[in-house]
Structure formats: structure tokens, C-alpha cells
Number of protein chains: 2
Amino acid sequence: MIGAIEAGGTKMVCAVSDEDLNIKARTRISTENPQDTMREMLAFFGEYELDGLGVGAFGPIGVNPQRSDYGFIGQTPKEGWSGFDLLGALQKEIKCPIYLTTDVNVAAYGELKRGSAQNLQNAVYLTVGTGIGGGVIHDGAIYVGDTHPELGHIMVKRAQNELNGFDGVCPYHDGCLEGMASGPSIGARAGVKANTLAEDDPLWDIEADYLAQAAMSYTLSFAPQRIIFGGGVSNQSQIFPKMRKRFAEYLNNYVQVPNLDEYLVHAALGDDAGITGALLLAAEVAR
Amino acid sequence: MIGAIEAGGTKMVCAVSDEDLNIKARTRISTENPQDTMREMLAFFGEYELDGLGVGAFGPIGVNPQRSDYGFIGQTPKEGWSGFDLLGALQKEIKCPIYLTTDVNVAAYGELKRGSAQNLQNAVYLTVGTGIGGGVIHDGAIYVGDTHPELGHIMVKRAQNELNGFDGVCPYHDGCLEGMASGPSIGARAGVKANTLAEDDPLWDIEADYLAQAAMSYTLSFAPQRIIFGGGVSNQSQIFPKMRKRFAEYLNNYVQVPNLDEYLVHAALGDDAGITGALLLAAEVAR
């Protein structure tokens, strides 16, 4: 048996499966203070003898085993979690190998093995929703530098037809990708929630412009074989043709990429990407 | 004995050394058509029995051994070189293991082992001169995705105080880093060569702004331990304090990075970075 945790800021999704990923049990636990939340999670897993556990956690979190902050949550507004030793708390009670990385990294891995990036070695996964985050697959494995990437906050230039004076909604950076292209940024411009806008609303052109810029910068940085878009905003399928067109204009054939219909694609696994990737990583460390 | 080639668009620097990098012979060959240029290079190396050869070549060039274009020069304005099988032409005459990558990648590797990134596992090297290019060190090795990165052409937002209507000098992309921050972009704004400008010319503030943005995007993408700046423009040391200040403002403590005096640094090896890195890679494949 293997286990998986998708540790989010509002809920913890926990699952147990066999090594073929047939789910035996699954639960959602509300993310409260670390002590109560851990007690509930450990009670769930305590009923099983696990051979491996995969964890995808909200960040910032130490993901580099060579650093002393490995497995620790970094500075976060989530009360009680700043500096919490998540990996240590799990290892103390669950005696099996544990693979720990970020929530977007496990989703990227799920898409790599069972979703939109199967059989590829290099890919970028971007989730575009309330925030923007990304994971990178390099040589078939999750990319970890000194810490994990934060792909949502790279710089972008102002889109054509951007609203005068709009610098985005990111509290940290004027004009970063998340500030200009997250769901709330669309809502802030429109005055209504993004998902209530018509499919042909011009704001989707602006959205597509920023995502195209991001895809261009990831292309030139990571040289992936595919870029996969998940998250709520990516469910607006009208974005994709606009984004591909804009990407082609921006990149201007500077480097060769695959056919854009196969290069800039929608995620296949939806909300299951994370738990699927975490289980697959659990199965790998279990071997 | 080991050999190295720095294959540039105007000259080929070739060197032979022992495995401690004591140079035994070194030559510069003008880059003409592939046939003549290869004949001269092969004549130089023909006098030595090499155990390994490291090659850093101008791009685009196939650097991924799993692809059919491995070792081939891509589309280039350099006459006769588009589609040339550089690796094949070398392998035919030089019977030793060959490591082939880009010119900026060998320079990055040189800086990693003997220059400004010693003892680090993750670093980004950026050369800022006539063009802008970069190499990435990941887990102590050169990062190769489906192909090599092209870090010089990522998107940036307009700097504060940018000249009205100036969209950069890149023939491919309005507003990319190289277009806005290469040496010629400074010259285009000033009407005189960049290196004739006074140290306190306000154009250096604009330059520092773009390099700070680039450093921010590389930080959030690759999570390196250090970013190293080489190339002619980086010799303008007044840029560094301005860039560090702007970087701190842009990043706004969103992720933790080392002290900026140690994080955004000048390259240590200057023009020797490339040949040093190529020799080190030759020594590695020779083992």
C-alpha cells in the first residue's frame, strides 16, 4: 500500500492505494492549525501499513534534501504553519520512505505519467487560477534547484490593450504574471468574477497575451517539449487558440517548437493531477 | 592530453592541455566556411593524441543526445553553417569522447568549477554583450532540456524612464531582454557606443533595471544559488549596485535569496571562462 497527501491551504486530501493506483481510501481534512490537522491525517494513515508516501504541499516549502530547511514550511500567512516541520512530523509517525515536494510539482508529475505529458522527458506545468504556480519536469524528474521554482511571478510586459494604470493584483510585484493573469486579476478589471464573463469578452485576449508571454519565457528558459495549463482559468477553452496565436507572434520562430496544438495544451487530469502524481511518487520511493 | 574548442561566429579558439589544464598549445582560427575552418582545426588537433574533447559552439545547435539533430548547427545567418554536422565532422577525424554543448554553457561550466560559482550546485550564467545568452547549472551539471535555453530573449516589462517608443533592437522580438539590454540597445538609445558613455549616464539605470528583471525571472524559474554576469556590458561595474537595488525592489522578498552582493556577481574568468569550461568537460568525458 502507498499513500499520498495533497497539502493545501484550505484542505488536506489524503489517499491510500495499491501500487497500481487503485484507491482504497480517500479523505479530506480541513487545514486548521498544524497540531489538529496532523493528528487527523495521522489517524487516517494509521490504519494502513504504507510502503511509501508522496506529499505535495503548499509553499513555500523546503524541497531540497541537501538543505537544512528540507521539509519545513516557509513564511506563510496560514496561521501556525510558518516554520512547521511537515516532513519531520510525518516521519515521526509514518515509518516508510517519503517523497516531499510542492503541490504543483506533484500535479506536474501526475500529468507527466498519466496526463498530458506522457512519454515526455521535459515539460512545464502551469496552474492558472486564484494564483499561478508551476512545476518543471526535467529529464523525466521533478526539477528542484536550490529550492522550488515560483513560475507564477516572472515578469511580463504590458499586453496590447491593457487597461491604463492596471498594474495587477499581486501584493508583492507590480506587473508580474500572477498579478496580471490570475483569475482575480480578470475579476479586478471586469468588476465581476472572471467565470461570469462571456467567452468573447476582450479580457480573454489580454489573458491569452500574458499566458503566451509566460509560455515564451518558459520555452526559452527550460526548452520543454510541452507546456500544460491546468487550474480554473485554463478551463476557459477559448483562451487556447488566442494564446497559441499570440505565442507564435511573440516567439516569431526564434526557436523551433512542436505544432502549437500539441505544445500548449490543457491539463488532462484536472483536480486529480495532484493526488495521482503524489501516489506515483510514493510508488517510486517504495521500490 | 585533452582538447577544447570554443566555436564562435567570428573565430574558433582551440586549445590542448594536460588534465590539470596546463595549456600546451592554443590557436585562433577565423570562422570561414565549414570545410576550410574544419580543415584548419583538424590540422591543429591532428598533432596530438587526445583523450577527450570539449566543444562549446555558437547556436542554435542540437545539444540533446536523444535527438536526431544532436551536434548539428541549426538555422544561422553564418554562411554555410546552417545544418552542418559539427559533431559528426569532429568525430570522423578525432577518435576520442567528445562533449558538445553551447558556448555559453561551457562558460557557465568554467565559472562553476574555477570561477564565480565554485562549490555550488545550481547557478545561472548570463553573458551581456553584443547579444545576451545564458547557461544554467543544475545539480552541478549543464542544464539541457529538449534543446538548450535561450535566456537572452525572455520577456521583460518596460523599465521606469524608458525612452518613449523604444522597443529594443532584437530583430525577432519587441521588448525582449536582448532587445532592451544588449550593448547595441544602449548604443541605439544613446547614438554612441555603449562603452563611451559616462559611468553616471542614466542609461545605465535602465540597463540595470532590465538585468534586475531578468535576474528575478531566472531566480523564480531556476532557483539558483547565484547568478553570474559576464560579457562586455557586465564590465561596467557601476551596473551592479544599481541592479542589486532594483532586484530587491522587484523581488520584494517574495522568495529568499542569499545576500545580493554574493547572489548577483561578476564573472571571474572573463574571456577564459569558455575554454576553461570546455577543457574541464573534456577531462570529464576522458575519464
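In this report, we go over the structure that sits alongside the text. A quick note: this is a predicted structure, and the numbers were derived from the prediction, not measured.

Structural notes on the interface of chain A and chain B
Between chain A and chain B, the residue contacts involve 38 residues of the former and 38 residues of the latter. A buried area of about 3,400 Å², summed over both sides, lies between chain A and chain B, and 57% of it is on carbon and sulfur atoms. Along the contact surface separating chain A from chain B lie zero salt bridges. Where chain A touches chain B, the interface holds 18 residue pairs in polar contact (both at pLDDT 80 or more). Of all the secondary-structure elements, those providing two or more residues to the side of chain A that touches chain B are α6 (203–222) and α7 (239–251) of chain A. It is α6 of chain A that contributes the most residues to the side of chain A that touches chain B, six residues altogether. Residue classes in the side of chain A that touches chain B are distributed as 18 nonpolar, 15 polar and five charged.

Thoughts on a negative patch on the surface
A surface patch of negative charge is lined by Glu19, Asp20, Glu49 and Asp51 of chain A. Relative to the elements of secondary structure, Asp20 of chain A occurs in the loop between β2 (11–17) and β3 (23–30).

Looking at the relation of the copies chain A and chain B
Relating one copy of the chain to the other takes a rotation about an axis and a shift parallel to that axis. For the pair chain A and chain B, the relating rotation is 180 degrees, the translation along its axis is 0.0 Å, and the fit reaches an RMSD of 0.0 Å. Here the transformation between the copies is reduced to the relation of a two-fold axis. Measuring from the rotation axis to each C-alpha of chain A, the shortest distance belongs to Lys157 of chain A, at 1.9 Å.

Points about helix α6 (residues 203–222) of chain B
Residues that lie three or four places apart on an α-helix share one face, since the helix turns once every 3.6 residues. A rise of 1.5 Å per residue sets the reference length of α6 of chain B, with its 20 residues, at 28 Å; its end C-alpha atoms lie 28 Å apart and thus fit the reference within 8%. Of the residues one or two after α6 of chain B, Ala223 of chain B is the one with positive phi, at around 50 degrees.

Section: the packing of helix α3 (residues 103–114) of chain B against helix α9 (residues 273–286) of chain B
All names here are of chain B. In the contact formed by α3 and α9, the axes pass within 7 Å of each other and the chain directions differ by 80 degrees. Considering the angle they form, α3 stands roughly perpendicular to α9. Residue-level contacts link Val106, Ala107, Tyr109, Gly110, Glu111, Lys113 and Arg114 of α3 to Ala273, Gly274, Thr276, Gly277, Ala278, Leu280, Leu281 and Glu284 of α9. Of the residues assigned to the contact of α3 with α9, the class counts are seven nonpolar, four polar and four charged.

Details of the sheet that holds strand β9 (residues 226–230) of chain B
Residue and element names in this part refer to chain B. Reading across the sheet, the five strands line up as β8-β7-β6-β9-β10 and stay open at both edges, with mixed pairing between neighbours. Unpaired on one side and paired on the other, β8 (141–142) and β10 (264–266) mark the two borders of the sheet. Bridge analysis of strand β7 (residues 132–138) against β8 gives two bridges, and the strand direction is antiparallel. Bridged to Ile137 within β8 is Ile142. With respect to the sheet, helix α7 (residues 239–251) is in contact with β9 and β10, its orientation differing from that of β10 by roughly 165 degrees.

Notes on the side chain of Ser217 of chain A
When you line up the elements, Ser217 of chain A lands in helix α6. With a relative accessible area of 4%, Ser217 of chain A lands in the buried category. Once residues within four sequence positions are removed from consideration, Ser217 of chain A is found in contact with Ile154 of chain A together with Ile154 and Met155 of chain B.

Cut-offs and rules
Residues numbered from 1 in each chain as written. Chains lettered and ligands numbered in written order. Predicted model: local features only at pLDDT ≥ 70, side-chain atom pairs only at ≥ 80, totals over all residues. Heavy atoms only, no water. Contact = heavy atoms within 4.5 Å. Buried area = accessible area lost by both parts, 1.4 Å probe. Salt bridge = Lys/Arg side-chain N within 4 Å of Asp/Glu carboxyl O. Polar contact = N/O pair within 3.5 Å; in protein donor to acceptor, adjacent residues only side chain to side chain. Helix = DSSP H or I, 4+ residues; strand = E, 2+ residues; numbered from the N terminus. Nonpolar A, V, L, I, M, F, W, Y, C, P; charged D, E, K, R; others polar. Patch = residues over 30% accessible without salt bridge, like charges linked within 9 Å, V, L, I, M, F, W, Y side chains within 5 Å. Areas by Shrake-Rupley, 256 points an atom, 1.4 Å probe, with all protein chains shown as cover. Lys, Arg positive; Asp, Glu negative; His and termini not counted. Charge placed at Lys NZ, Arg CZ, Asp CG, Glu CD. Least-squares fit on C-alpha atoms with pLDDT ≥ 70 in both. Expected span 1.5 Å × (residues − 1). Axes fitted to C-alpha atoms, helices over the stretch in contact; angles between N-to-C directions. Parallel < 35°, antiparallel > 145°, perpendicular 65-115°, else oblique. Pairing = 2+ DSSP bridges. Buried < 20%, exposed > 50% of the residue type's maximum accessible area, 1.4 Å probe, protein only.

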